[in-house]
Amino acid sequence: MRMLWLSLLTLMVPVKTPVTALPLRTPDLPIRPHAGLSEADQEFAEAYLRHFYGYKPKSERRRRNADTDVDAEWRTGLCDKVQKMQRFFGLPPSGELTKETLAVMKRPRCGLSDVERFGKTIRWKKSTLSYRIARDNPSIPASKVHKVFRAAWKLWSNVTPMKFRKRSRKEADIVISFYNSDHKDGSPFDGKGGILAHAFLPGYGIGGDVHFDADEDWSFNSTGFSLFAVTVHEFGHALGLPHSRDPGAVMYPAYNFAPSYELQLSFRDVKDIQHLYGVSPNFASLFSKKPPPRTPDKCDPHLSFDAVTELQQEVLFFKDRFMWRKHPQFDETAITLISSLWPDTVPPYLDAVYENVEKNVIMFFKGHQYWMLRQLSLEEGFPRNISDFGFPSRIKSVDAALHFRNEHCTVFFTGHECWRYNEQQKMMEGSPTLIEQEWPGLPSPIDAAVFYDGFVHFFRGNIHYKFDSNSKHMVSTSPANDLLECTEMNGNEIL
Ligand code: 01S
Ligand code: CA
Ligand code: ZN
Ligand code: ZN
C-alpha cells in the first residue's frame, strides 16, 4: 500500500521571543557532550537556553558528579529546552544539540520582523516570499521541477494575498532541495517510500525550507509519487500550516493523490491558510464558479449518499471522493477517501456499488461504465459498458444496485424502473417493473440501496427508507445519516 498513517504534527508555542544580545557566562559543567561541538559552543548553547528558554540547572553539586548525573540532568531539563527551541525554529525537535541547532542559535536575529507568532502558529510577516532551488534532482529535468513548483505556489497565492518569487542565486526565504538519506538536519530520509519529503515552519535559516527525498520515484503523470501533490503539501508547511485531520485536505498527513481527480486545495486548507494570511483580492472571482470542495460531514442533516453497499462485514457509504466504513466491531464510523483503499482505480462521485460475495468481486458503477474489482485490484479489461448486463441503449446510467446474497440476484434502479439481474444466468429476468409497484411507498428515483441486517435500505436525499424484504412493506423512515451514528462527539466539527 502506498499510503501511510502518520500522527499529527504538534506545534509548540515558544516560551520567549528571542532578542538580539546574548549574555555569555561561564558554565560550570559541560552540557551533553556532543560529537563535533567545541567546549565553547556547548557553553554558548547553555547560556542561550538559560537566557531565552528559562533553563535552570538543578543542583550544582549533583551535576559536578558522575556522567550519569549529567545524563539525568540532560533528560529532564536541557533536552526539553532544546526541543522547545528547535520547535520554535522549525528544526526537528530531537532535543539534541546538533550542529544545525547551534547554527540557528548563532544566527543573527535582527531580521526577526520577517516572522511572527500568530495565535498558536507561526507565519511569515511579509507578503512576498522568495524561493530558491538549491539542489536539483539529477534524474528530473530542472525545467519540469520549476514548472511544478510554480504551479504549487499558485494554488496558495490564488487564495491568499501572498506572492512567491523565484531567485536563482541570492539568499531566499524558502530553500528547496532534493536530498538522499542523511542530510544533516536531524531527520534523515529513508529511501524509497515512507517519508517522501519534509518542510520547516516559517523562520530564519532552515525555517521555511523544503526537502524532498531524492530516492523517491517522483512523477509528473500517474506512476510513482506525484511531485506536484507532495509539493503543494510541503509548501503548506513552509507557510506555517500543520497537518489537518480532514482526509479531504491537502494537509492531511497521508499521500492520497488520485491522478483522475484534479488536485485542489480543500475548503479546510483554504480556511486554514486564510486564517494566517487573509483572503486574496481576487478570491471571490476565481472561486465563485468552483468553490473549494468541502469534505462531507456525517452529522449534516442534509447529507445524502451516492451509493451504499455491504463489503464483507462492513457497510460502506459513498459520497463524492469519500466513504464511511461502518464496521460491526467499531463504534466510530470514520470517513476516508475512496482512493485510500482503492488508489487510482475507483472513480469519485459513483452511481452505485454492490458486492458479489459468491464471485468475490465488487462492482462500481458510474455513468455508462462499470468497474469490477477483486479485493483491491481492478480486473483486466475494465471499465466496461453497462450494456453487458442487458440494459437497452436508452439506459445511460444506473441510480442504485441492490444485491441479494442468498438469491444470487441484483436489482438495478433507473429512474422510476427497476431491473432484476440473475447473477448465475448472467441475464435480466424479464422486463423492468415500476418502483412504486415493487416497493410501495418508496419515491423514485432513488440514490442508493443496500440489503443489510435482514432489511432493505433505500436512500433518497436526506431520507432513509427501511423495508421488510419479505413482505416488501415499509418499516420506517429516518434521517439518511442515522446508520452513521452521528453524535456530537464524533461529527466532523473540525471541518
Ligand atoms: N511531510 O510533510 C510529511 O508529512 C512526511 C512525514 C513527516 C512526519 C516528516 C511525509 O513524507 N509524509 C508522506 C507524504 O506523502 C506520507 N507527505 C506529503 C503529502 O502529500 N501528504
Ligand atoms: Ca522516502
Ligand atoms: Zn531535511
Ligand atoms: Zn506533512
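Attention in this report is confined to the structure presented alongside it.

Conventions we followed
Residues numbered from 1 in each chain as written. Chains lettered and ligands numbered in written order. Predicted model: local features only at pLDDT ≥ 70, side-chain atom pairs only at ≥ 80, totals over all residues. Heavy atoms only, no water. Disulfide = S-S within 2.5 Å. Helix = DSSP H or I, 4+ residues; strand = E, 2+ residues; numbered from the N terminus. Buried < 20%, exposed > 50% of the residue type's maximum accessible area, 1.4 Å probe, protein only. Donors = N, O, S within 2.8 Å, 3.2 Å for Na, K, Ca; no water. Tetrahedral: all angles 85-135°; square planar, octahedral: opposite > 155°, others 65-115°. Pairing = 2+ DSSP bridges. Axes fitted to C-alpha atoms, helices over the stretch in contact; angles between N-to-C directions. Contact = heavy atoms within 4.5 Å. Near = heavy atom within 4 Å. Polar contact = N/O pair within 3.5 Å; in protein donor to acceptor, adjacent residues only side chain to side chain. Nonpolar A, V, L, I, M, F, W, Y, C, P; charged D, E, K, R; others polar.

All right, on to the state of the cysteines then. Across all of its chains, the model carries one disulfide by this definition. What pairs with Cys299 in a disulfide is Cys486, and their sulfur atoms sit 2.0 Å apart. As the torsion about the S-S bond is roughly 110 degrees, the Cys299-Cys486 disulfide counts as right-handed. You can see Cys299 sitting in the loop between helix H8 (283-287) and strand E10 (307-311) and its partner Cys486 sitting in the segment after strand E27 (473-479), a full 187 residues away along the chain. On the basis of relative accessible area, Cys299 is assigned to the partly exposed category, the value being 22%. On the accessibility criterion, Cys486 (33% relative accessible area) is partly exposed.

Before going further, it helps to spend a moment on the coordination of the calcium ion (ligand 2). The coordination sphere of the calcium ion (ligand 2), as far as protein atoms go, consists of Asp190 (OD), Gly191 (O), Gly193 (O), Ile195 (O), Asp213 (OD) and Glu216 (OE), spread over 2.2 to 2.4 Å. Around the calcium ion (ligand 2) sit six donor atoms, and with donor-metal-donor angles ranging over 80 to 176 degrees the site reads as octahedral. Ordering the donors of the calcium ion (ligand 2) by residue number gives the pattern D-G-x1-G-x1-I-x17-D-x2-E.

Our focus in this paragraph is the sheet that holds strand E4 (residues 163-166). In spatial order, the strands read E4-E3-E5-E7-E6; together these five strands make up an open sheet with mixed pairing. Whereas interior strands pair on both sides, the edge strands pair on one side only; in this sheet they are E4 and strand E6 (197-199). Within the sheet, the average angular offset between the axes of one strand and its neighbour, ignoring direction, is 20 degrees. Where strand E3 (residues 128-135) and E4 come together, four bridges link them in parallel fashion. Across the sheet, the residue bridging to Tyr131 is Lys166, located in E4. Each of E3, E4, strand E5 (174-179) and strand E7 (210-213) is contacted by helix H5 (residues 142-159), which is oriented at about 155 degrees to E3, the strand it contacts most. With respect to the sheet, helix H6 (residues 227-238) is in contact with E5, E6 and E7, its orientation differing from that of E7 by roughly 150 degrees.

On to the coordination of the zinc ion (ligand 3), then. Taken together, His183 (NE2), Asp185 (OD), His198 (NE2) and His211 (ND1) make up the full set of protein donors to the zinc ion (ligand 3), lying 1.9 to 2.0 Å away. Here the zinc ion (ligand 3) binds four donor atoms, and the angle range of 95 to 116 degrees at the metal identifies the geometry as tetrahedral.

Our next topic: the site of ligand 1. Taken together, 15 residues lie around ligand 1, and Leu196, Ala197, Glu234, His237 and His243 are the ones closest in. In the model, a nitrogen atom of ligand 1 is placed 2.9 Å from a nitrogen or oxygen of the Ala197 main chain. Between ligand 1 and Glu234, the relevant distance is 2.6 Å, taken from an oxygen atom to a side-chain nitrogen or oxygen of the residue. Those elements that place two or more of their residues in the shell around ligand 1 are E6 and H6. When residues in the shell around ligand 1 are grouped by element, the largest group, five residues, is from H6. Across the shell around ligand 1, the residue classes tally to 10 nonpolar, four polar and one charged.

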